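# A closer look at the structure
This is what each chain is made of:
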Amino acid sequence: MRQRNRNQSVLISGAGIGGPALAYWLDRYGYDVTVVEQSAGPRPGGHAIDVRGPALEVAERMGVLDRVRAHATGLRGMSVVDDEGRELFRTTERTVSGGDLDSPDVEILRDDLATIVADAGGDGIEYVFGDSVERLEQDAEEVRVVFRGGAKRVFDLVVGADGLHSPTRRLAFGPEEDFLHHLGTSLAVWTAPNILGLDRWQVVYRMRGALWGGLVMSVRDNQELRVYAGFEWDEPPAELRSRDPRVHKRLIAEKYAGAGWEMPRLLEHMWGAPDFHFDSMAQIRMDSWSRGRVTLLGDAGYCGSPMSGQGTSVALVAAYVLAGELKAADGDHEAAFAAYERELRAYVTGNQELALINKAMTEARKAVELGEVEAEEFTTGLRAESDVVPSYLLKDY
């Protein structure tokens, strides 16, 4: 017989990675779980992401680590080129996106990991695609939810795992502007065919000034490329307020109109890319991640930005902890939400600080590769990643 819990029904908004991971654990602990996702189906594309540290242990406990490793990007190294394609730098020890290649960390495409995590949950979890939360009303007993499609349902608890621009956070906590902190950089990513013939390799195209240049890596057995292009700014561009990818594509095209190397060809493929994504590198900082019967998970509550390289790992760990604390508290959401935050606050803060350190390291590395500073100056005054990421031991719930 299925275990019955206090606060039995849970709505999770967002079917990325953190939401399905939380659904997996809650379903395992006997909760009735519904996941709502505004996209019509699982979203394709996105960054190459990393599963690191305690997140590897979470993946192992979910029984998916072998599958995660089997879908690793498997890059052999990276090179840096200039406008004419001349190689400035080459290494088989690390990549920009994945770090040291001899580490136990796993670099994997976001959509591959999302599929693996969702598949692990099985048939007991209800997924509703093409809809989203329009209104929330809660009291001491329940949360009444009105969906964009018109449906009205009642849940015991609601979890916002719906990303940097979380609608759940806005509905339960207030305007995004109260919590969003830009880091002065925007980044676009899209998929293109492997027109460069890369073989498990990453190429960084360096440009001087505010433009990052491009980062290109071969994926999916060298059949595809993931292309990155970004730029820095002092004031957020007006286009950031738009959710229209056509607006963002035009902005990238304008910024890179004078780019060299292979960027013109890669930009041609941007126009038809259905998985194009563009946003600000930003963090979410909140004094509390919960309000009443609503709590936040992952980027919705404490986004560290892609600069941390830890967003996915934090979300996987947080999903494990949140579900575990609900189980340990026998569904008492007040006790569980307090314990969830108490367990994770230092871990989250350390990873947000890591983003700022990585930004400084990226700028220093770029200066070395462009010959602007000597290599021995590269790490001066910067701490290694291991010095700023707190060690974290996962409880057995």
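Residues numbered from 1 in each chain as written. Predicted model: local features only at pLDDT ≥ 70, side-chain atom pairs only at ≥ 80, totals over all residues. Heavy atoms only, no water.

Moving on to the sheet that holds strand β2 (residues 32-37). Spatially, six strands are ordered β9-β2-β1-β13-β20-β19 in an open sheet, and the strand pairing comes out mixed. The open sheet terminates on both sides in strands that have one partner only, identified here as β9 (126-129) and β19 (290-291). Alignment of strand β1 (residues 9-13) against β2, held across five bridges, turns out to be parallel. Each bridged residue has a counterpart across the sheet, and for isoleucine 12 the counterpart in β2 is valine 35. Across the sheet, helix α1 (residues 18-28) touches β1, β2, β9 and β13 (157-160), and the angle it forms with β1 is around 165°. (Pairing = 2+ DSSP bridges. Helix = DSSP H or I, 4+ residues; strand = E, 2+ residues; numbered from the N terminus. Contact = heavy atoms within 4.5 Å. Axes fitted to C-alpha atoms, helices over the stretch in contact; angles between N-to-C directions.)

For an α-helix the count is 3.6 residues per turn, leaving residues at separations of three or four pointing the same way. Taking 1.5 Å per residue as the helical rise, helix α9 (residues 311-328) with its 18 residues ought to reach 26 Å, and the 25 Å between its terminal C-alpha atoms agrees with that figure. Among the 18 residues in α9, 15 count as buried, and that is most of the element. Of the residues one or two after α9, aspartate 330 is the one with positive phi, at around 55°. (Expected span 1.5 Å × (residues − 1). Buried < 20%, exposed > 50% of the residue type's maximum accessible area, 1.4 Å probe, protein only.)

Here we come to the packing of aromatic side chains. With the rule as written, the count across this model stands at 10 aromatic pairs. Against the face of phenylalanine 231 rests lysine 255, its NZ or CZ located 4.7 Å from the ring centre. (Phe/Tyr/Trp six-rings, centres within 6.5 Å; stacked < 30°, edge-to-face > 60°. Lys NZ or Arg CZ within 6 Å of the ring centre and 35° of its normal.)

The next point concerns the confidence of the model for the protein chain. On average, the protein chain scores 90 in pLDDT, and the residues at 70 or more come to 90%. In the model, residues 373-391 has pLDDT below 50 throughout and makes 27 contacts with residues more than four positions away in sequence or in other chains. (pLDDT = per-residue confidence, 0-100.)

To continue, consider the sheet that holds strand β16 (residues 211-219). Overall, mixed pairing links the seven strands, which are arranged β5-β4-β15-β16-β17-β14-β18 in an open sheet. Looking along the sheet, the strands with just one partner apiece sit at the ends: β5 (87-91) and β18 (277-284). Each strand axis lies, on average, 20° off the axis of its neighbour in the sheet, ignoring direction. Lying over the sheet, helix α6 (residues 245-255) contacts β14 (180-193), β16, β17 (224-232) and β18, oriented at roughly 75° with respect to β17.

Direction vectors running N to C along helix α2 (residues 54-62) and α9 enclose 55°, while the axes themselves pass 8 Å from each other. As judged from the angle between their axes, α2 and α9 are oblique. Where α2 crosses over α9, the handedness of that crossing is left-handed. Every residue of α9 that contacts α2 at Pro54, Ala55, Val58 and Arg61 is listed here: Ser313, Leu316, Val317 and Tyr320. Residue composition of the contact of α2 with α9, grouped by class: six nonpolar, one polar and one charged. (Parallel < 35°, antiparallel > 145°, perpendicular 65-115°, else oblique. Left-handed = near helix turned anticlockwise from the far one by under 90°. Nonpolar A, V, L, I, M, F, W, Y, C, P; charged D, E, K, R; others polar.)

Before going further, it helps to examine the environment of asparagine 194. Here asparagine 194 is to be found in the loop between β14 and β15 (201-205). Residue asparagine 194 is classed as buried on the basis of its relative accessible area of 17%. For the pair formed by asparagine 194 and methionine 217, sequence separation is 23 residues and the distance between their alpha carbons is 8.9 Å. If near-sequence neighbours (up to four positions away) are discounted, asparagine 194 is found in contact with Ser218, Asn222, Gln223, Glu224 and Leu225.

What follows covers the packing of α1 against helix α4 (residues 110-121). Closest axis-to-axis distance for the α1/α4 pair is 8 Å, and the angle between their directions is 15°. Taken together, the axes of α1 and α4 lie roughly parallel to each other. Regarding α1 and α4, the two cross each other, and that crossing is left-handed. Taking contact as the criterion, the partners of Pro20, Ala21, Tyr24 and Asp27 in α1 are, on α4, Val117, Ala118, Ala120 and Gly121.

This part covers the pairing of β15. Summarising burial for β15: five of the five residues are buried, a large majority. Covered by surrounding structure in β15 are Trp201, Val203 and Tyr205 together with Gln202 and Val204, the residues of both alternating faces. The pairing of strand β4 (residues 77-81) with β15 spans five bridges and is parallel. Following the sheet pairing, serine 79 is matched in β15 by valine 203. Bridge analysis of β15 against β16 gives four bridges, and the strand direction is antiparallel. Looking at the pairing, glutamine 202 lines up with methionine 217 of β16.

Let's shift gears to α1. When you tally the buried positions in α1, you get 10 out of 11 residues, the bulk of the element. Once α1 ends, the next one or two residues include glycine 30, with phi positive near 95°.

As enumerated under the stated definition, the model contains 24 salt bridges in all. With a shortest N-O distance of 3.2 Å, arginine 86 and glutamate 84 are connected by a salt bridge. We classify arginine 86 as exposed; its relative accessible area is 51%. We classify glutamate 84 as exposed; its relative accessible area is 57%. (Salt bridge = Lys/Arg side-chain N within 4 Å of Asp/Glu carboxyl O.)

What follows covers the environment of glycine 213. Counting through the fold element by element, glycine 213 comes out in strand β16. Not counting residues up to four positions away in its chain, the partners in contact with glycine 213 are Tyr205, Met207, Tyr228, Ala229, Gly230 and Tyr256.

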